[in-house]
Amino acid sequence: MIVALHWSLPNAKRPSEDAGKLPLPDRAAMEEFVDQTKTLVGALGWDLFREKRGRSTGSVQAVRDLLETPFVVSPRFFFRGEGFAAEMELGPSGEFMVKSGSKARLRTTTTIPRGTTALRNTLLDKGVLHQDGNFLLFTSDYSFSSASAAAATIIGASANGRILWKMPDGRTYADWETDQGELPNLPSAVGDADGELPSS
């Protein structure tokens, strides 16, 4: 029997606007460390760092608010390059879902994080990834704990998914996150008649 455990971290304090501001290089290094930690923990089968988004259902009013909220289609993000072409959308619980049919790079670099190697091997063992010629094909949708974990698994190297995943209009995931709430009207499926991902 598998029991899904979740943790909550209440914090009523509001920091000042300039609190916790790091220089950009330090911020990038911190985000990379956190993303690699999420990848490693995810490879071990835990979702410790997964953020649960959405309204609380602890009251009748909360349920009414949830039912009255219009359905919002997740934006689509794309990550393409030599040997890979992938599509991702955001799941209802804040996970980063790489879509079935996405292609990951078969070869890896010597600097690939160990957590990413372990995760790729796990996905191959489970059949989520399947070698198809010179690619690793996603046979089903798969949810990652971070954008970087998804990007690193696809490219077979360390990757900053916040700037590598892009929307059809060229905005990165980091750009979208900054402007979230102002989503463009995207079609439910993006692609041409041949099933190829759109060019940027």
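In this report, we go over the structure that sits alongside the text. (Residues numbered from 1 in each chain as written. Predicted model: local features only at pLDDT ≥ 70, side-chain atom pairs only at ≥ 80, totals over all residues. Heavy atoms only, no water.)

### Re the overall build of the protein
To keep it simple, the criterion reads: Numbered from the N terminus, helices here are DSSP runs of H or I no shorter than four residues, and strands are runs of E no shorter than two. The cut-offs for exposure are 20% and 50% of the maximum accessible area for each residue type, with area from a 1.4 Å probe on protein chains only; residues under the lower value are buried, those over the upper are exposed, and the others partly exposed. Contacts were defined at the residue level, with two residues in contact if any of their heavy atoms lie within 4.5 Å. Calculation of accessible area relied on Shrake-Rupley with a 1.4 Å probe; when residues are assessed, cover is drawn exclusively from the protein chains displayed.
Helix and strand counts for the protein come out as six helices and seven strands. Secondary structure of the protein in N-to-C order comes out as α-α-β-β-β-β-α-β-β-β-α-α-α. In the protein, which comprises 200 residues, the proportion classed as buried is 32%. Partitioning the contacts of the protein with sequence separation of at least 6, the portion at a separation of at least 24 is 58%. Looking at the protein as shown, the accessible area adds up to about 13000 Å², and 54% of this sits on carbon and sulfur atoms.

### Some remarks on the pattern of salt bridges
For clarity, the cut-off: By definition, a salt bridge exists where a carboxyl oxygen of Asp or Glu is found within 4 Å of a side-chain nitrogen of Lys or Arg.
All chains considered together, the criterion is met by six salt bridges. Between Glu89 and Arg76 there is a salt bridge, and its shortest N-O distance comes to 2.8 Å. Within this pair, whereas Glu89 is found in strand S2 (residues 84–90), its partner Arg76 is found in strand S1 (residues 76–81), the two being separated by 13 residues in sequence. Considered together, Glu89 and Arg76 belong to a single accessibility category, that of buried residues.

### A word on a nonpolar patch on the surface
What counts, and what does not: Patch membership needs two things, relative accessible area over 30% and no salt bridge, and members are linked within 9 Å if like-charged or within 5 Å if nonpolar (Val, Leu, Ile, Met, Phe, Trp, Tyr).
On the surface, Met30, Phe33 and Val34 cluster together into a nonpolar patch covering about 290 Å² of accessible area. Here Val34 lies in helix H1 (residues 24–43).

### A few points about the packing of helix H3 (residues 114–126) against helix H4 (residues 147–155)
Filter applied, for reference: Fitted lines through C-alpha atoms give the axes, limited to the stretch in contact for helices. The angle between two N-to-C directions lies from 0 to 180 degrees. By the definition adopted for this analysis, an angle is roughly parallel if under 35 degrees, roughly antiparallel if over 145, roughly perpendicular if from 65 to 115, and oblique otherwise. Residues are grouped as follows: Ala, Val, Leu, Ile, Met, Phe, Trp, Tyr, Cys and Pro are nonpolar; Asp, Glu, Lys and Arg are charged; every other residue, Gly included, is polar.
Two elements in contact, H3 and H4, have axes separated by 10 Å at closest approach and are oriented at 70°. Judged by the inter-axis angle, H3 sits roughly perpendicular to H4. Counted together, Thr116, Leu119, Arg120 and Leu123 of H3 and Ala152, Thr153 and Ile154 of H4 form the full contact between these two elements. Its residues assigned to classes, the contact of H3 with H4 comprises four nonpolar, two polar and one charged.

### Thoughts on the packing of aromatic side chains
Using the following cut-off: Side-chain rings of Phe, Tyr and Trp (the six-membered ring for Trp) are treated as a pair once their centres are within 6.5 Å; stacked means planes under 30 degrees apart, edge-to-face means over 60, and tilted covers the remaining angles.
Under the counting rule described, the total for this entry stands at eight aromatic pairs. Measuring from centroid to centroid gives 5.7 Å for Phe77 and Tyr173, while their planes differ by 70°, and the two rings are edge-to-face. Of this pair, Phe77 sits in strand S1 while Tyr173 sits in helix H6 (residues 173–178), placing them 96 residues apart in sequence. For the pair Phe77 and Tyr173, one class covers both residues: buried. Ring geometry for Phe79 against Trp165: centres 5.5 Å apart, planes inclined by 55°, an arrangement best described as tilted. With Phe79 in strand S1 and Trp165 in the loop between helix H5 (161–164) and H6, the pair connects residues that are 86 residues apart, well separated along the chain.

### Regarding H4
Burial analysis of H4 places nine of its nine residues in the buried class, the great majority of the element. Among the residues of H4, those classed as buried are Ala147, Ser148, Ala149, Ala150, Ala151, Ala152, Thr153, Ile154 and Ile155. Looking one or two places after H4, you find Gly156, whose phi comes out positive at around 70°.

### Considering the environment of Ser146
So the rule is basically this: In the analysis that follows, any N or O atom pair within 3.5 Å is treated as a polar contact, provided that within protein one partner can donate a hydrogen and the other can accept it, and provided that, for residues neighboring in sequence, both atoms belong to side chains.
Mapped onto the elements, Ser146 comes out in the loop between strand S7 (142–144) and H4. Its relative accessible area of 2% is what places Ser146 among the buried residues. With residues up to four places along the chain from it excluded, the contact list for Ser146 reads Asp35, Lys38 and Phe96. At 3.0 Å, the side chain of Ser146 and the backbone nitrogen of Ala149 are in polar contact.

### Quick word on the environment of Gln36
Checked against the element boundaries, Gln36 lands in helix H1. Along the chain, Gln36 and Arg114 lie 78 residues apart, while their C-alpha atoms are 9.1 Å from each other. Apart from the residues lying within four places of it in its own chain, the contact partners of Gln36 are Pro113 and Ser158.

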